[in-house]
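A structural walkthrough
Chain residues, written in single-letter form:
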Amino acid sequence: MTSMASHSPAIDAWSGQVRSLENGLSEMDFLVPGMHCAGCMRKIEGGLSALDAVTDARANLSTRRVRVRWQTGAKNVENIRAAIESLGFDAAPFDARLADQGDNARSRSLLRGIAISGFAAANVMLLSVSVWAGLFSDMDGVTRQLFHWISALIALPAVAYAGQPFFRSAASALKVGQMNMDVPISLGVILASGASLLETMRGAEHVYFDAAISLVFFLLIGRYLESAMRSRAGEAARNLLAIRSVAAIRIDEDGERRSVPVEALMPGDRVFVAPGMRVPADGAVAEGASDVDMSLLSGESVPERALAGDNVYAGTLNLSGPLLVDIKAASEDTLLAQIARLMEAAEQGRAGFVRLADRIARFYAPMVHLLAAGTFVGWMLIGAGWHPALMTAVSVLIITCPCALGLAVPVVQVVASGVLLRLGVLVKSADGLERLGQIDEVVFDKTGTLTSGVPDLVNGDAIPIADLALAAALASQSRHPLSQAVAVAGAGLPMPKLEQIHEVPGYGVEGILESRKVRLGRRDWVVQDQSIAAREDDSHSGPDLWLSGLDGSARRFLFHDRLRSDAQDVVAALLASGKTVRLLSGDREAVVAQTAAQLGITHWQARCSPADKIAALNALSESGKRVLMVGDGLNDAPALRAAHVSMSPASAADISQTAADFVFQSESLRPVLHSIIIAHKARNRVLENFGLAFSYNLVAVPLAVLGFVTPLIAAVAMSSSSILVTLNALRLRTGSGGQP
Amino acid sequence: MTVLLFLIPIALFLGGLGLLAFLWALKSGQYDDLDGAAERILLDDDDDDENQSDEGNAPPSA
């Protein structure tokens, strides 16, 4: 193995991701973010299986990963990656260390617990119903005794197995001298099972096996829903991380190109960046010319030109020409990594948040224990004897067991995140909805958030039709965003016939019209006589393009970044609902002021650095405000972490999507408004559910304390309250749930 | 009432079969990719055959 590694450093570099299996096979997971349909799966699986070395390829559509097995050998990782890319998909080697196996295992063991406790609960309930019916008819003591023993045989092992998540959590809480909801749950379940076993041995009438096991069943459902939400959120976050660590193509001293992980890059290395690839680390261009999309870093939608000697930064996208880049900073020193560090520091702002359920548990758990202990002592004092006193205390514990509470929050959250998913909003953090329900200020970033981030031709009407058509004919050959805006503006016009159209990366597009050279691009490239350019009025603050026109003159095309179509409505609706709306932008003052005025936003701040944004958010949170931050650029990522809760559009930088609690997929801004409304509704449902659960306790607890609660009443009360909170949560889905 | 002595074990056995089937399905990864499983039904069978024959053509593992 070592000799092989020395021949192929690239394989060695991926060793963290490759798993060696028996039979000389290797296995590795690739993340393929673009895979989202049956056709993609078939293409990838088929394409990979066609490779000689590959023995098995299996795509997982839920996690967007492909597991590949192949015969261990040189360069196979690169071949497989190249094969996936030749099928038209981006592929990133997925680091197995990134995958939280624990998450998956936890979900599975919860599902196993649900299955086992569900099976046991159903069968024990069947027997219990017979016993309850038998109390009013002719069931004899022996049959009842038999039923109790069978119930015990089914329920006790099931409780011991399925109840473990609660027992373990309660034990670890008690170990550090704390109380959580699992302490009364565990106590209730264990005491109910234990006391019922004693009762069975004594041949008594009442046992609580059904209550104990169905408690575990209901609570496990709530626990599973919570864990499913959490792992879905985590999955999305990990996939984003994996994309960032995608390979770089290093040009080694022997002139050979090798694909290596980004972490392996050292200052002084030379890398090749093809058009469409992201720059792997900060460096300077050694050869080549291109346009680089800097929107990740600056939020600026217009690409910058990169020529030999220019600096390029990790995470920026190479648009038009191939580049050779000399790396200046190792991956942990890059601008990207600095922002990531700023983000980690900002995260502490959220540490003070305690979930509603936990806050309630803090006083609920001790209260329940006092109540049960008080019942036991009270019945002892009036001379009832330890046995009836214990059974009454157990019934108090069962009645107060926070079964409905355990379901109240997760069911509402799952229903609400389902509604949001249909509206195109992905809930990325488990408690994000709860935090979103509390906000009273909304802070927007400008470029790419309030605006579409796509430039728009402003002065189309002022340009002669023939020139516009000529420009559109040239522009249609380029992927530069300004060219595409021109092409859109000129669509439908009769295009002149051009020859030899080609793009000059970093400058513009050039072609031959009736043996005359025409150009569309940067001013200094198109306009030979700079005095013409100087005469143009320069009040326009946005980007521009120049065309060498038909009559020999130069035409100027002006662009601006258009507001999202419904930005005005959304801001107005937010203001109307009593929220303060702010605008924090890295852009120039004049542009920000103009946007703010258009939207009716009175609080705005221009020229904000990432640190300025954090400072502004911290100032707000110190004055007691709870802020929703909506942003998309890499420069927003730390602010997204610092805010109470955050959203970002799906067009945002990967790292911002990682940082945000919600990601919305839409051309419009309306999902922001919808999410706030649904989060409010969800919060109301949770509070209502707590109210329902408490009022049920208000009725049932006195009965239990006084000793009137039989297993039948306990079972009916428990199931009905659980069903009630679930139904109340489902109301979110119906009626006006999806509408603002 | 002796019929109960048969009926209860039979009921438990049948229910247990269902439980075991679920646990097997969980263990064998049937729930790992719910989205993919929903889409796979749309794939053509003959394409799967092709894939299998491709795999068959691959050299045996060392």
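Up top you'll find the structure we're talking about.
A brief structural summary.

Reading the values: rules and limits
Here, residues in each chain are numbered from 1, in the same order as that chain's written sequence. Lettering of chains starts at A and numbering of ligands starts at 1, both following the order in which they are written. In keeping with the predicted nature of the model, local features appear solely for residues at pLDDT of at least 70, side-chain atom pairs appear and are counted solely at 80 or more, and the whole-chain, interface and lining totals rest on all residues. Side-chain numbers come from the whole structure's heavy atoms, not from hydrogens or water. What counts as a helix is a DSSP run of H or I of at least four residues, what counts as a strand is a run of E of at least two, and both are numbered from the N terminus. As used in this structure description, the phrase polar contact means that two N or O atoms lie within 3.5 Å; if the pair is within protein, one of them must be able to donate a hydrogen and the other to accept it, and residues adjacent in sequence are counted only when both atoms belong to side chains. The contact criterion used is simple: two residues touch if any of their non-hydrogen atoms lie within 4.5 Å. Computed over the protein atoms alone on a 1 Å grid, cavities are sets of points where a 1.4 Å probe fits but cannot get out and pockets are open sets with protein on both sides within 12 Å along at least five of seven lines; a residue lines them when it has an atom within 4 Å of a point. Grid points are joined across faces, edges and corners, and a volume is the space filled by probe spheres set on the points. Note on residue classes: Ala, Val, Leu, Ile, Met, Phe, Trp, Tyr, Cys and Pro are nonpolar, Asp, Glu, Lys and Arg are charged, and everything else, Gly too, is polar. Put simply, buried area is how much 1.4 Å-probe accessible surface two parts lose in total, over both of them, once they are put together. Whenever a carboxyl oxygen of Asp or Glu lies within 4 Å of a side-chain nitrogen of Lys or Arg, that contact is scored as a salt bridge. Burial classification: accessible surface area is computed with a 1.4 Å probe over protein chains only, and a residue below 20% of its type maximum counts as buried, one above 50% as exposed, and the rest as partly exposed. At least two DSSP bridges between two strands are needed for those strands to be called paired. Fitted lines through C-alpha atoms serve as axes, helices being fitted only where they are in contact, and the angles separating the N-to-C directions of these axes extend from 0 to 180 degrees.

Glancing now at the side chain of Asp566(A). All names here are of chain A. Within the fold, Asp566 resides in the loop between strand 22 (554-563) and helix 21 (567-576). A polar side-chain atom of Asp566 sits 3.0 Å from the main-chain amide nitrogen of Leu669. For Asp566, the side chain forms a polar contact with the main-chain nitrogen of Arg670, separated by 3.2 Å. Beyond its immediate stretch of four places on either side in the chain, Asp566 contacts Ser668, Leu669 and Arg670.

Empty pockets left among the atoms are what a rolling probe the size of a water molecule brings to light. Residue and element names in this part refer to chain A. Summed over all chains, the structure comprises 3 cavities of 30 Å³ or more. One number sums up the size of the largest cavity: a volume of about 80 Å³. Counting residues per element, the ones that place at least two in the lining of the largest cavity are helix 14 (403-422), helix 15 (432-436) and helix 26 (670-705). Among the elements that line the lining of the largest cavity, the one with the most residues is helix 26, at 4 residues. Broken down by class, the residue content of the lining of the largest cavity amounts to 7 nonpolar, 1 polar and 2 charged. The volume enclosed by the second largest cavity comes to roughly 60 Å³. Counting only elements with at least two residues in the lining of the second largest cavity, the list comes to helix 5 (101-135) and helix 6 (141-162). The element that contributes the greatest number of residues to the lining of the second largest cavity is helix 5, accounting for 4 residues. Of the residues assigned to the lining of the second largest cavity, the class counts are 5 nonpolar, 4 polar and 2 charged.

Further remarks concern the interface of chain B and chain A. In this complex, chain B contributes 31 residues to the contact, which on the side of chain A involves 34 residues. With both sides pooled, the region where chain B packs onto chain A buries about 2,700 Å², and carbon together with sulfur makes up 63% of that total. Our count for the contact surface shared by chain B and chain A stands at 1 salt bridge. The tally of links from chain B across to chain A stands at 2 residue pairs in polar contact (both at pLDDT 80 or more). Broken down by secondary-structure element, the contributors of at least two residues to the side of chain B that touches chain A are helix 1 (3-27), helix 2 (34-40) and helix 3 (45-57) of chain B. Among the elements that make up the side of chain B that touches chain A, the one with the highest residue count is helix 1 of chain B (11 residues). Tallied by class, residues from the side of chain B that touches chain A come to 15 nonpolar, 6 polar and 10 charged.

Moving on to the pairing of strand 10 (residues 290-293) of chain A. Residues and elements named next belong to chain A. With burial as the criterion, each face of strand 10 is covered, one bearing Ser290 and Val292 and the other bearing Asp291 and Asp293. Here strand 10 runs beside strand 13 (residues 317-318); their pairing, made up of 2 bridges, is antiparallel. The residue of strand 13 that forms the bridge with Asp293 is Leu317.

In this section: the sheet that holds strand 16 (residues 441-444) of chain A. Residue and element names in this part refer to chain A. A sheet is described by the order of its strands in space; here 7 strands give the open sequence 15-27-26-25-16-23-24, paired in mixed fashion. Strands with a single pairing partner mark the edges of an open sheet, and in this sheet they are strand 15 (425-427) and strand 24 (603-605). Neighbouring strand axes in the sheet, compared pairwise and without regard to direction, differ in orientation by 20° on average. Bridging between strand 16 and strand 23 (residues 580-584) involves 4 bridges; their strand directions are parallel.

Our next topic: the pattern of salt bridges. Residues and elements named next belong to chain A. By the definition in use, this model includes 22 salt bridges over all chains. Across the salt bridge formed by Asp29 and Arg67, the nearest N and O atoms sit 2.9 Å from each other. Residue Asp29 is located in strand 2 (residues 25-31), and its partner Arg67 is located in strand 4 (residues 65-71); the two are separated by 38 residues in the primary sequence. Across the pair Arg670 and Asp566 runs a salt bridge whose closest N-O atoms are separated by 3.9 Å. Of this pair, Arg670 sits in helix 26 while Asp566 sits in the loop between strand 22 and helix 21, and the two are 104 residues apart along the sequence.

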